[in-house]
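Chain by chain, the residues:
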Amino acid sequence: MSAYCIWFTGLSGAGKTTLSRLLSEELATRGLPVERLDGDIMRACLCKDLGFSREDRETNLRRLGLVAHLLTRNGVTCLVAAISPLAAIRELNRKLNGKFIEVYCNSSLDALIKRDVKGLYRKALAGEIPAFTGVSEPYEAPATPEIEVHTDAQSVEQSLAQILDYLENNGVAPKPDQHPRLAKPSEEEFFARLVELGFASNPKR
Ligand code: ADX
């Protein structure tokens with residue numbers, strides 16, 4: 001089974017982290033070597049030096065795309081969860097990775113503002129966060145993503161099932177009964193060790 005880069009894109013709060021985490025856990029228990037690169041977490045270590053200018057976002061996404069490729073070419077499925085607002089940079093990462101699946105976490109801005117899990121939309125609308133995607137910076141929605149989940153209408157379970165269905169039907173993920181279920185060490189423990197050794201600061205979530 002060849003390794004894909006599975007790239008979650010969508011506005012802040014649209015479910016990229018939640019879905020990629022659950023998917024990663026599920027794929028790992030099915031015996032697939034899998035790693036997850038999350039925008040919030042990578043911005044606390046590998047991309048600590050970057051902000052949210054157009055140039056910095058491009059650098060951020062190029063780094064994630066490159067690391068993803070280093071993993072996938074060695075047989076590790078890589079899930080990237082980052083807003084990735086620019087279609088051209090997503091396409092560049094598609095080109096680099098070759099085996100690439102774009103998962104568009106589509107939620108209306110209204111629903112995100114209502115939910116506002118991190119309280120960032122309130123601040124952005126009050127002008128306290130400059131260049132906030134969807135509020136004061138553009139988000140270029142994918143025209144033809146391999147998978148589009150409507151996270152403002154579906155439950156997390158429904159979205160996850162839709163993604164797994166696509167991956168199983170396209171030879172990206174084994175069906176659950178094809179492999180004994182395995183346990184994976186916790187991401188939290190791994191990240192805590194990075195913080196302890198000074199490789200990362202605690203991510204802003
Ligand atoms: S990306 O644009 O470069 O792909 P990325 O996914 O790494 O963004 O980081 C987005 C996260 O950073 C958001 O979920 C939010 O927590 C935080 N954030 C802080 N400032 C901004 C901003 N101006 N626009 C979007 N997200 C921001």
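For the structure itself, look to the data block above.
Residues numbered from 1 in each chain as written. Predicted model: local features only at pLDDT ≥ 70, side-chain atom pairs only at ≥ 80, totals over all residues. Heavy atoms only, no water.

Residues and numbers for the environment of Gly 51, please.
Inspection of the secondary structure puts Gly 51 in the loop between helix H2 (39–42) and helix H3 (54–72). In this structure Gly 51 comes out as partly exposed when scored by relative accessible area, which is 23%. Not counting the four nearest positions on each side in its chain, Gly 51 is found in contact with Arg 43, Asp 56 and Arg 57. (Helix = DSSP H or I, 4+ residues; strand = E, 2+ residues; numbered from the N terminus. Buried < 20%, exposed > 50% of the residue type's maximum accessible area, 1.4 Å probe, protein only. Contact = heavy atoms within 4.5 Å.)

Explain the site of the ligand residue by residue, including any values.
As a matter of local geometry, the ligand sits amid 19 residues, with Arg 43, Arg 57, Asn 60, Ser 84 and Ala 131 nearest to it. Between the ligand and Ile 83, the relevant distance is 2.9 Å, taken from an oxygen atom to a main-chain nitrogen or oxygen of the residue. With respect to the ligand, the backbone of Ser 84 contributes an N or O atom lying 2.8 Å from an oxygen atom. Protein chains bury 91% of the 560 Å² of accessible surface belonging to the ligand in isolation. Within the residue set of the shell around the ligand, elements represented by two or more residues are H2 and H3. Top element by residues in the shell around the ligand is H3. It accounts for 3 residues. Among the residues making up the shell around the ligand, the classes are represented as 10 nonpolar, 5 polar and 4 charged. (Near = heavy atom within 4 Å. Polar contact = N/O pair within 3.5 Å; in protein donor to acceptor, adjacent residues only side chain to side chain. Areas by Shrake-Rupley, 256 points an atom, 1.4 Å probe, with all protein chains shown as cover. Nonpolar A, V, L, I, M, F, W, Y, C, P; charged D, E, K, R; others polar.)

Can you tell me about unusual backbone geometry, naming the residues and giving the values?
Keep in mind that most residues, glycine aside, have a negative phi and that most peptide bonds are trans. At Asp 116, a position not held by glycine, the phi torsion is positive, near 35°. Structurally, Asp 116 is set in the loop between helix H5 (109–115) and helix H6 (120–125). Classification of Asp 116 by relative accessible area gives buried; the value is 17%. Phi angles above zero are rare outside glycine, and Ala 131 is one such case at about 50°.

Describe H3, listing the residues and the values that go with them.
The first and last C-alpha atoms of H3 sit 27 Å apart over 19 residues, in line with the 27 Å expected at 1.5 Å per residue. Inspection of H3 places Arg 57, Asn 60, Leu 61, Leu 64, Gly 65, Ala 68 and Thr 72 among the buried residues, and these make up the whole buried set. The buried residues of H3 occupy one face: seen down the axis, they fall within an arc of 130°. (Expected span 1.5 Å × (residues − 1). Arc of directions from axis to C-beta.)

Give a detailed account of the sheet that holds strand S2 (residues 34–38), specifying residues and quantitative values.
The parallel open sheet is built from 5 strands, whose spatial order is S2-S3-S1-S4-S5. What marks the edges here is a single partner per strand, and that holds for S2 and strand S5 (147–150). Mean inter-strand twist for the sheet, computed between neighbouring axes without regard to direction, equals 15°. With 4 bridges connecting them, strand S4 (residues 100–106) and S5 associate as parallel partners. Along S5, the bridge assignment pairs Cys 105 with Val 149. (Pairing = 2+ DSSP bridges. Axes fitted to C-alpha atoms, helices over the stretch in contact; angles between N-to-C directions.)

Break down a nonpolar patch on the surface for me, with residues and values.
Side chains of Leu 66, Leu 70 and Leu 96 sit close together on the surface and give an oily, nonpolar patch of about 250 Å² of accessible area. With respect to the helices and strands, Leu 96 occurs in helix H4 (residues 87–97). (Patch = residues over 30% accessible without salt bridge, like charges linked within 9 Å, V, L, I, M, F, W, Y side chains within 5 Å. Salt bridge = Lys/Arg side-chain N within 4 Å of Asp/Glu carboxyl O.)

I'd like a rundown of the pattern of salt bridges, residues and numbers included.
Overall, the coordinates contain 11 salt bridges when judged by the stated rule. A salt bridge links Asp 40 to Lys 118; the nearest nitrogen and oxygen atoms lie 3.0 Å apart. Here Asp 40, found in helix H2, pairs with Lys 118, found in the loop between H5 and H6; they are 78 residues apart in sequence, far enough to count as distant. The salt bridge partner of Glu 102 is Arg 94, with a shortest N-O separation of 3.4 Å. Under the relative-accessibility criterion, Arg 94 is labelled buried at 19%. Each of Arg 90, Glu 91, Arg 94, Glu 102 and Glu 146 takes part in a single network of salt bridges with overlapping partners.

Explain the environment of His 150 residue by residue, including any values.
Mapped onto the elements of the fold, His 150 is located in strand S5. Residue class for His 150 comes out partly exposed when judged on its relative accessible area of 36%. For the pair His 150 and Ser 108, spaced 42 residues apart in sequence, the C-alpha to C-alpha distance is 8.8 Å.

In short, geometric facts, not functional conclusions.
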